[in-house]
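Results of the structural survey
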Amino acid sequence: MELPKFILGDNTDYPNAIYVIHTEFPRFIINLENDDVEWLEDFDQQDQRELENEAENLIEQANSFYDREVERYEE
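Residues numbered from 1 in each chain as written. Predicted model: local features only at pLDDT ≥ 70, side-chain atom pairs only at ≥ 80, totals over all residues. Heavy atoms only, no water.

**Some remarks on the overall build of the protein**
The secondary structure content of the protein amounts to one helix and four strands. The linear arrangement of helices and strands in the protein, starting from the amino end, is β-β-β-β-α. By principal-axis analysis of the C-alpha atoms, the protein measures approximately 45 × 25 × 25 Å. Within the protein, the proportion of its 75 residues that are buried is 24%. The contacts of the protein with a sequence gap of at least 6 include a subset with a gap of at least 24, amounting to 27%. (Helix = DSSP H or I, 4+ residues; strand = E, 2+ residues; numbered from the N terminus. Buried < 20%, exposed > 50% of the residue type's maximum accessible area, 1.4 Å probe, protein only. Contact = heavy atoms within 4.5 Å.)

Given below as structure tokens:
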């Protein structure tokens, strides 16, 4: 099965939270309510350096994905 790069998620136990799930390496879930990030990977030192360089860009992409999805729902 091929997954999209980003998936939206929500949970009624957390009614104010909006989650964006990044399905490619490095996989993570970001809660857009408070920008908490949960990484779904174990990182070694080399990965950690790569992650630091890429994390900001990936989080910006997640926010852009959410904005795009909301615009599409409003249409």
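**Section: the packing of aromatic side chains**
Following the criterion strictly, the structure yields four aromatic pairs and no others. Centroid distance Trp39 to Phe43: 5.9 Å. Interplanar angle 80°. Geometry classified as edge-to-face. You can call Phe43 partly exposed: its relative accessible area is 23%. Put simply, the rings of Phe25, Phe28, Trp39 and Phe43 touch in pairs and so form one group of aromatic residues. (Phe/Tyr/Trp six-rings, centres within 6.5 Å; stacked < 30°, edge-to-face > 60°.)

**Here's the deal with the environment of Tyr66**
Counting through the fold element by element, Tyr66 comes out in helix α1 (residues 45-74). When its relative accessible area of 22% is taken as the criterion, Tyr66 is described as partly exposed. Sequence separation between Tyr66 and Phe6 is 60 residues, and the spatial gap between their C-alpha atoms is 8.9 Å. Not counting the four nearest positions on each side in its chain, Tyr66 is found in contact with Leu8, Ile18, Val20 and Leu32.

**A word on the pattern of salt bridges**
All chains considered together, the criterion is met by three salt bridges. Measuring nitrogen to oxygen at the nearest pair gives 2.9 Å for the salt bridge that ties Arg27 to Glu41. Residue Arg27 is found in the loop between β2 (19-22) and β3 (28-31), and its partner Glu41 is found in the loop between β4 (36-39) and α1; the two are separated by 14 residues along the sequence. Here Arg72 and Glu69 are joined by a salt bridge, their closest N and O atoms 3.8 Å apart. Placement of both Arg72 and Glu69 in helix α1 is noted, with a separation of three residues, approximately one turn of the helix. On the accessibility criterion, Glu69 (15% relative accessible area) is buried. A cluster of three or more residues bridged by salt bridges with shared partners is formed by Arg68, Glu69 and Arg72. (Salt bridge = Lys/Arg side-chain N within 4 Å of Asp/Glu carboxyl O.)

**Examining α1**
Between its first and last C-alpha, α1 extends 43 Å over 30 residues, near the 44 Å set by a 1.5 Å rise per residue. The largest bend along α1 measures about 45° and falls at Glu54. Of the positions making up α1, those classed as buried are Asp47, Leu51, Ala55, Leu58, Ala62, Phe65 and Glu69. On its buried face, α1 is in contact with β1 (6-9), β2, β3 and β4. (Expected span 1.5 Å × (residues − 1). Bend = angle between axes of the 7 residues up to and from the residue.)

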